[in-house]
Amino acid sequence: MMQFFRQISGKLNSNILAGLLGPSSTPQQMAFLRELQREMKQTNSMETPLNELKVTVFDLETTGFYPDKGDQIISIGAIKMKGSQIKERETFYSLVKSDLPLSNEISALTNIQDSELRNALPASEVLMNFFKFVKSDILVAHHSKHEQSFMQKTAQEAFRTKFNHRIIDTSFLIRLSGLSMKAASLEDVCYECGIEIENRHHALGDAIMTAKIWKHYLQLAQRNGFQYLQEVYEFLAKND
C-alpha cells in the first residue's frame, strides 16, 4: 500500500529529461516533457474528487512475461476516462517494431504477424507518442506489475531513464468490494462485473474492458461514500 502511495504522489522523474538529451531528441520533445513535468507537479490526484479523476487505462501485448530475458512489447492500447466516464473517442493504439520472430502461440493469441511488427514504429517513437497521449493522467492497468516491468525496460532502453509514471492496479478498487481477485484473470473479473468479453488479447480491446472494470468499481466506491483516492487509501491501509 505504501508503494501505491509513493506512486500516486510521485512526479515524472527529471531523469527522463536528461535521458532524452541524445542526438535523436528534438526541441519539441524536450519542451513537451518539461511541460508534462510541470503539470504533474501541480496535480494532486489524491485529493481530486473521484468523479473528476482523470486516468488513462492501458494494456500491453508482449512476446512473453519476462522483459529481462528478452521479451518485448509488441502493442500498446489505451483509453481515457474522467471519473466513471469512458471517453470512447479518446483512444491510443500502436504496434511496436520488432525484428524477432513471434512464436506461433503469441501470433495466434494476439492475431499479430511478424510482417506487421517489422513495419511498425520503433519502441522509442511509440513510447513518446504514448506519453503525449497520456500527458499527466494516472495510469490504470489490470495486473499492472506486468505493464510496469515492460515499460521500465523499454524506457531504459529507449531513453536511458527509469519509467516513473504512476500506475494503479485495478485490484486497488476491487478490494473495496471485499473480493480477493488480485490474481484473477481479466475474463474472471469481467464475468464478475457482467462485462462482455470482446477483442481479448488485443491491447486496445483489453484496455477498454479494463476501463469498464475500473468504472464498475469506481462507482461502487462512490456509492459506499468515498469521494477521494486519499479516503480509499486510508480505508484500505486500516483494513490490511
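Residues numbered from 1 in each chain as written. Predicted model: local features only at pLDDT ≥ 70, side-chain atom pairs only at ≥ 80, totals over all residues. Heavy atoms only, no water.

Chemist: Quick question: what am I supposed to make of the overall build of the protein chain here?
Modeler: For the protein chain, the count of helices and strands is eleven helices and five strands. The buried share among the 240 residues of the protein chain stands at 49%. Expressed as a percentage of contacts within the protein chain between residues at least 6 apart in sequence, the contacts between residues at least 24 apart total 70%. (Helix = DSSP H or I, 4+ residues; strand = E, 2+ residues; numbered from the N terminus. Buried < 20%, exposed > 50% of the residue type's maximum accessible area, 1.4 Å probe, protein only. Contact = heavy atoms within 4.5 Å.)

Chemist: Whenever I open this one, the packing of helix H6 (residues 123-134) against helix H7 (residues 144-159) confuses me. Can you help?
Modeler: Any two packed helices are characterised by how steeply their axes cross, that is the angle between the axes, and by the distance between the axes. One way to put it is that H6 packs onto H7 with a least axis distance of 9 Å and a crossing angle of 115 degrees. Comparing their axes, H7 and H6 come out roughly perpendicular. Here H6 runs over H7; the crossing is left-handed. Every residue of H7 that contacts H6 at Ala-123, Ser-124, Leu-127, Met-128, Phe-130 and Phe-131 is listed here: Met-151, Thr-154, Ala-155, Ala-158 and Phe-159. Split into classes, the residues belonging to the contact of H6 with H7 amount to nine nonpolar, two polar and no charged. (Axes fitted to C-alpha atoms, helices over the stretch in contact; angles between N-to-C directions. Parallel < 35°, antiparallel > 145°, perpendicular 65-115°, else oblique. Left-handed = near helix turned anticlockwise from the far one by under 90°. Nonpolar A, V, L, I, M, F, W, Y, C, P; charged D, E, K, R; others polar.)

Chemist: Hey, could you run me through the side chain of Ser-98 in this one?
Modeler: If you trace the backbone, Ser-98 turns up in the loop between strand E3 (85-95) and helix H4 (104-110). On the accessibility criterion, Ser-98 (4% relative accessible area) is buried. A distance of 2.9 Å separates polar atoms of two side chains, one belonging to Ser-98 and the other to Gln-72. (Polar contact = N/O pair within 3.5 Å; in protein donor to acceptor, adjacent residues only side chain to side chain.)

Everything listed is a geometric property; what it means functionally is a separate question.
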